Amino acid sequence: MAMLGYRLTQVLGHLPILLTLLTVLVLGVTAGRRLPGRSRSFLLAGAVVLLLLELFTTAWVAALPELIRSGGIRQYQTWSLAVSVVGWIGYPVGLGLVAAAVFVGRRAAYPSPVPGQPWGTWTPPGGGTPTGYPGGPPPGYAAGQATDHPGHATEHPGRDAWGGSDQPPAAPPPVDRAD
């Protein structure tokens, strides 16, 4: 009865990982057109490798007491080394395939700088109500309420409530080389 408790505990301990990998497989298979072909292939291959390794590890841990009892410590050491080597090789391969699925076939997230503008020049986002605050008005203010208080846009155009500006910084003053 104690052996059943040990095996059940070991299998239950590996169950979250097994269920997660099965979910990844199902989502990868049903992704259809949402994932490009190579990305989907890498994801499925990585998930299969990791799932097989996890099943192998779960079986190893569940069979461990029986293996020690029947073959002794020598057999245990040999099998333990073999299982470790498989894990040392398999887990990086599986995780590498999943990571490759993320990056393969992706384009640059940001377009190249616009010709005629210096690199890093800020351009305001299109549309929406201008508030003078990055990401919209601060919490607790309606969209537009943040710019309607005295001393803001009417007295100091281009400045926000704390004196900052939504304009790019001015060029530095010319250096006097006479010194």
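Everything below is about the structure shown above.
All of these numbers come straight from a predicted model, not from anything done at the bench.

Rules of the game
- Chains are numbered independently. Their residues run from 1 in the order of the written sequence.
- Thresholds applied to this predicted model are a pLDDT of at least 70 for local features of residues and 80 or more for the giving and counting of side-chain atom pairs; totals over whole chains, interfaces and linings are not thresholded and use all residues.
- Hydrogens and water are ignored here; the side-chain numbers use all heavy atoms of the structure.
- Runs of E in the DSSP output that reach at least two residues are strands. Runs of H or I that reach at least four are helices, and both are numbered from the N terminus.
- A 1.4 Å probe rolled over the protein chains alone gives each residue an accessible area, and that area as a share of the maximum for its type sets the label: buried under 20%, exposed over 50%, partly exposed in between.
- With residues, only the protein chains shown are counted as cover, and all accessible areas are computed by Shrake-Rupley using a 1.4 Å probe.
- Pairs were defined over the aromatic rings of Phe, Tyr and Trp, the Trp ring being its six-membered one, requiring ring centres within 6.5 Å. Orientation was assigned from the angle between planes: stacked under 30 degrees, edge-to-face over 60, tilted for the rest.
- The span you would expect from a helix comes to 1.5 Å times its residue count less one.
- Here the bend at a residue means the angle between the axes of two seven-residue stretches, the one that ends at it and the one that starts at it.
- Grouping into patches uses exposed residues only, defined as over 30% relative accessible area, and leaves out salt-bridged ones; the cut-off is 9 Å for like charges and 5 Å for nonpolar side chains (Val, Leu, Ile, Met, Phe, Trp, Tyr).
- A pairing counts as a salt bridge when a side-chain nitrogen of Lys or Arg comes within 4 Å of a carboxyl oxygen of Asp or Glu.
- Note on terminology: a nonpolar core comprises buried Ala, Val, Leu, Ile, Met, Phe, Trp, Tyr and Cys residues joined through side-chain atoms within 4.5 Å.
- Two residues qualify as a contact provided that any one of their heavy atoms is within 4.5 Å of a heavy atom in the partner residue.

S.K.: I'd like to hear about the overall build of the protein, residue by residue, with values.
M.R.: Along the backbone of the protein there are two helices and zero strands. Counting over 179 residues, the protein shows a buried share of 21%. Counting every atom, the protein has about 13300 Å² of accessible surface; 67% of that belongs to carbon and sulfur.

S.K.: Lay out the packing of aromatic side chains with the relevant residues and their values.
M.R.: Summed over all chains, the structure comprises one aromatic pair. Between Trp 60 and Tyr 76, the ring centres sit 6.0 Å apart and the planes meet at 15°, which makes this aromatic pair stacked. With a relative accessible area of 14%, Trp 60 lands in the buried category. A relative accessible area of 24% means that Tyr 76 is categorised as partly exposed.

S.K.: Break down helix 2 (residues 37-103) for me, with residues and values.
M.R.: Here helix 2 is 67 residues long, yet its end C-alpha atoms lie only 13 Å apart, well below the 99 Å a rise of 1.5 Å per residue gives. Where helix 2 bends most, the angle comes to about 125°, and this point is Gly 72.

S.K.: Residue-level account of a nonpolar patch on the surface, with values.
M.R.: On the surface, Leu 8, Leu 12, Leu 15, Leu 19 and Leu 22 cluster together to form a nonpolar patch covering roughly 440 Å² of accessible area. Given the relative accessible area of 46%, Leu 19 is considered partly exposed.

S.K.: Can you break down the environment of Leu 19 residue by residue, with the values?
M.R.: The topology assignment puts Leu 19 in helix 1 (residues 2-30). Sequence separation between Leu 19 and Leu 51 is 32 residues, and the spatial gap between their C-alpha atoms is 9.3 Å.

S.K.: So what's going on with the nonpolar core? Which residues, and what values?
M.R.: Within the largest apolar cluster, six residues are counted, these being Leu 18, Leu 21, Leu 25, Ala 47, Leu 50 and Leu 51. Elements represented by at least two residues in this core include exactly helix 1 and helix 2. Not counting the four nearest positions on each side in its chain, Ala 47 is found in contact with Leu 21, Val 24, Leu 25 and Val 98. Listed in part, the five residues of the second largest apolar core include Trp 60, Val 61, Leu 64 and Leu 67.

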